[in-house]
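Chain residues, written in single-letter form:
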Amino acid sequence: MSNFRIDRIEGTAIPVRGHNIDTDRIIPARFLKAITFDGLGDHAFEDDRQSMPNHPFSNPAYTGASILLANENFGSGSSREHAPQALKRWGIGACVGQSFSEIFLGNSTTIGLPCATVTAEDIEALMSAVEQAPETRLSFRVDASSIEMIAAGRRVSVAMPAAVRESLLSGQWDATSLLLDQFDDVHKTAAALPYVKGF
Amino acid sequence: MSQTLLQKVWDLHTVRRLPTGQTQLFVGLHLIHEVTTPQAFDMLRQRGIGVAFPERTYATVDHIVPTLDQQRPFADALAEQMMSALERNVREYGIRFADLGTDRQGIVHVIGPELGLTQPGITIACGDSHTSTHGAFGAVAFGIGTSQVRDVLASQCLAIDPLKVRRIAVDGALGPGVYAKDVILEIIARLGVRGGVGYAYEYAGTAVEQMSMDERMTICNMSIEGGARIGYVNPDETTFAYLDGRSFAPAGDAFARAKRWWRSMASDADAVYDDETRLDGTAIEPRVTWGINPGQSVGVSEPIPDPAAAGPDGDEDSIREALDFMGFRAGTPISGTKVDVAFVGSCTNSRLSDLREAARVVEGHRVSSHVKALVVPGSKAVREAAESEGLDEIFQQAGFEWRGAGCSMCLAMNPDRLHGREVCASSSNRNFKGRQGSPTGRTLLMSPAMVAAAAIAGEVTDVRGMLS
Ligand code: SF4
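So, how was this worked out
Residues numbered from 1 in each chain as written. Chains lettered and ligands numbered in written order. Predicted model: local features only at pLDDT ≥ 70, side-chain atom pairs only at ≥ 80, totals over all residues. Heavy atoms only, no water. Helix = DSSP H or I, 4+ residues; strand = E, 2+ residues; numbered from the N terminus. Rg over C-alpha atoms; globule rule 2.2 N^0.38 Å. Buried < 20%, exposed > 50% of the residue type's maximum accessible area, 1.4 Å probe, protein only. Contact = heavy atoms within 4.5 Å. Areas by Shrake-Rupley, 256 points an atom, 1.4 Å probe, with all protein chains shown as cover. Lys, Arg positive; Asp, Glu negative; His and termini not counted. Charge placed at Lys NZ, Arg CZ, Asp CG, Glu CD. Expected span 1.5 Å × (residues − 1). Axes fitted to C-alpha atoms, helices over the stretch in contact; angles between N-to-C directions. Parallel < 35°, antiparallel > 145°, perpendicular 65-115°, else oblique. Left-handed = near helix turned anticlockwise from the far one by under 90°. Nonpolar A, V, L, I, M, F, W, Y, C, P; charged D, E, K, R; others polar. Pairing = 2+ DSSP bridges.

**Q** Could you clarify how one ought to interpret the overall build of chain B in this entry?
**A** When its secondary structure is counted, chain B shows 15 helices and 19 strands. Rg of the C-alpha trace for chain B: 21 Å, near the compact-globule value of 23 Å for 468 residues, within the 12% margin. Its C-alpha atoms give chain B principal-axis dimensions of roughly 55 × 55 × 45 Å. Within chain B, buried positions represent 67% of all 468 residues. Long-range contacts, defined here as pairs at least 24 residues apart, represent 76% of the contacts in chain B between residues at least 6 apart. Entry remark: accessible area of chain B is about 14,700 Å², with carbon and sulfur atoms responsible for 48%. Taking the average location of the 45 positive side-chain charges in chain B and that of its 57 negative ones, the two points are 4 Å from each other.

Given below as structure tokens:
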């Protein structure tokens, strides 16, 4: 199965401030008790929203946002893909932050949710602009490796691992078909492994 | 030759370089459980794809399993639904399954090694971030998400980027009452919870060489808490002795041949690392977390830190947020913090040696009257072995509950959980907000012996004072 290419996400943004926001916070474990990902969007940041009345995910000004802005090590902790699935189902189409945990970044990529990094100064500028004017529209470009505040005409560069960028642009972010492409090679590799041969 | 174990394993398992630039890596062992796989199997069905190597796949059930009443159907309908989905999937695709009714069931990261499925030099994937545990054997073991579980089911491969290697040498003998848990908490406190991003951690040094496999598993288990997706220890005689005679380990002549190959997979003496760091094992004391990520820990004799004195992850705001959530004051000693619950369990510290150390502290004492204390063995096999040594009686006489095997209070996807603002002394691996089931519950991570000591004292206390 091939996928559509992902080259740009345009829309308003939602800033989620704080370092090391772990996947237990993005989607608490009790919502993993299900055999589908359906309905996860409604529970994104559920417990944080209860304890922080001003949580951006409760703020109507950010309804409909498609770009999530984050600080350092966003998505750390559990490998639950439910975290990016919840964000995607809430309406997020791309995440831009100072850094992401590796597993979160991998999970996001394979479901077609690009994550890109920017410097501390740039994220601060983006976050404060959006906080002051939530209607600010941003254009995130995978092809140009940039994010732009459209009205202000201010553009900053974003970084993505080359393979991630390539897989989004070529529509190969869902790896299954790629991995099955040359399946004879898989058998060859396996057959050469001492433990597969029984030593 | 001057390669690390990671490079050797990587090269042998590389199928090809993908057009995206990633490596297509063959997975020698795919471990699956009930939480992260139902959607993956559904995606396979939708695409009309089968499981490529069912004989390289092994299933267990752990996260949702009640540890008190395991009668089917489970009282929790959602848990029952997940259990049935796993049963249907393993039946349909011919996958081996350590079912609840068998004596092999347990936490996925406990049973893999116990059954001899986890071996040096192999690649392992599992839809769980603590898959890093298996690196204790010199395996290269990745935690993956559900779509990658689908990839591995479909192709027995992962599309993945190479990692750098940081060698962490811990030298010198650990003091009495100081355990692997304290070592890894110290490492994470020093290098930070994101210090390992992009790296595999290779644990070495005399302290690690002297550790049992159980202890090495504790260290590798928490690699991910330091941001490192994998952690490993080079295989040695301790590794081989552990594997000898295990159900799925090679036997007879094959074991001798396997040993030669395993040994050859260890990092070469002149291997080049992307980074190296050293710790003095003799200087490490029992550690306790005071905050909301596993990097926020102090030695038991130290005070809770001040936001002004920030560590590697430490911006002041994070420390303030943690103190706020925990309701702790900077500068007060961590020792003496009152606890409501004591939990010995989880894939970090629920193996036989963990239970033995906790029992050693508990023996002849009573759990403090205001503390709810439970011991949850990591697997049925651990539970049985502990019972044959009489550990269950020691715990129960002291007032601990003795439970069935599972993840239990580590993440509260089952009936075991914190309530309200309870403080839990826990031998698990994550002190994230809400992790143990109550959005306002508070977790203090520590070694099983320290948990046992806290249960008895009713507050955080230095276990070294109780081990004579
Ligand atoms: S014990 Fe905890 S960390 Fe380990 S697999 Fe179970 S839930 Fe995950």
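**Q** Help me understand helix H6 (residues 180-191) of chain B, please; the structure alone is not making it clear to me.
**A** Think of an α-helix as 3.6 residues a turn; residues three or four steps apart then line up on the same face. All names here are of chain B. Helix length check: H6, at 12 residues, gives a terminal C-alpha distance of 16 Å against a target of 16 Å (1.5 Å per residue), a fit within 8%. H6 sits mainly inside the fold: 10 of its 12 residues count as buried. Turning to H6, its buried residues are Ala180, Lys181, Asp182, Val183, Ile184, Leu185, Glu186, Ile187, Ile188 and Ala189. Positioned one or two residues after H6, Gly192 has a phi angle of 90°, which is positive.

**Q** I'm lost on the packing of helix H2 (residues 38-47) of chain B against helix H5 (residues 146-155) of chain B in this one. Help?
**A** Think of two packed helices as two axes; the pair is described by the angle between the axes and how far apart they sit. Residues and elements named next belong to chain B. The interhelical angle for the contact between H2 and H5, taken along N-to-C directions, is 55°, at an axis separation of 8 Å. Relative to H5, the element H2 is oriented oblique. In terms of crossing hand, the pair formed by H2 and H5 is right-handed. Every residue of H5 that contacts H2 at Gln39, Ala40, Phe41, Met43, Leu44 and Arg47 is listed here: Thr146, Ser147, Val149, Arg150, Leu153 and Ala154. Counted by class, the contact of H2 with H5 contains seven nonpolar, three polar and two charged residues.

**Q** It is not clear to me how unusual backbone geometry should be interpreted in this structure. Could you clarify?
**A** Negative phi values dominate among residues other than glycine, just as trans dominates among peptide bonds. Pro73 of chain B follows Arg72 of chain B through a cis peptide bond whose omega is -10°. In this fold, Pro73 of chain B is placed in the loop between strand E4 (57-60) and helix H3 (77-93). Here Ser145 of chain A, not a glycine, exhibits a phi torsion of approximately 50°, which is positive. You can see Ser145 of chain A is positioned in the loop between strand E5 (137-141) and strand E6 (146-149). Classification of Ser145 of chain A by relative accessible area gives buried; the value is 19%. Even without glycine at this site, Gln156 of chain B takes up a positive phi of about 60°. Summarising the element assignment, Gln156 of chain B is placed in the loop between H5 and strand E8 (157-160).

**Q** Explain the sheet that holds strand E15 (residues 341-344) of chain B to me, please; I cannot follow it from the model alone.
**A** Paired through their backbone hydrogen bonds, the strands of a sheet run either parallel or antiparallel. All names here are of chain B. Strand order in the open sheet formed by five strands is E17-E16-E15-E18-E19, and the pairing between neighbours is parallel. With one partner strand each, in any of the chains shown, strand E17 (401-402) and strand E19 (442-445) form the two edges of the open sheet. Relative to E19, strand E18 (residues 423-426) runs parallel, the two sharing four bridges. Residue pairing in the sheet places Ala425 in a bridge with Leu444 of E19.

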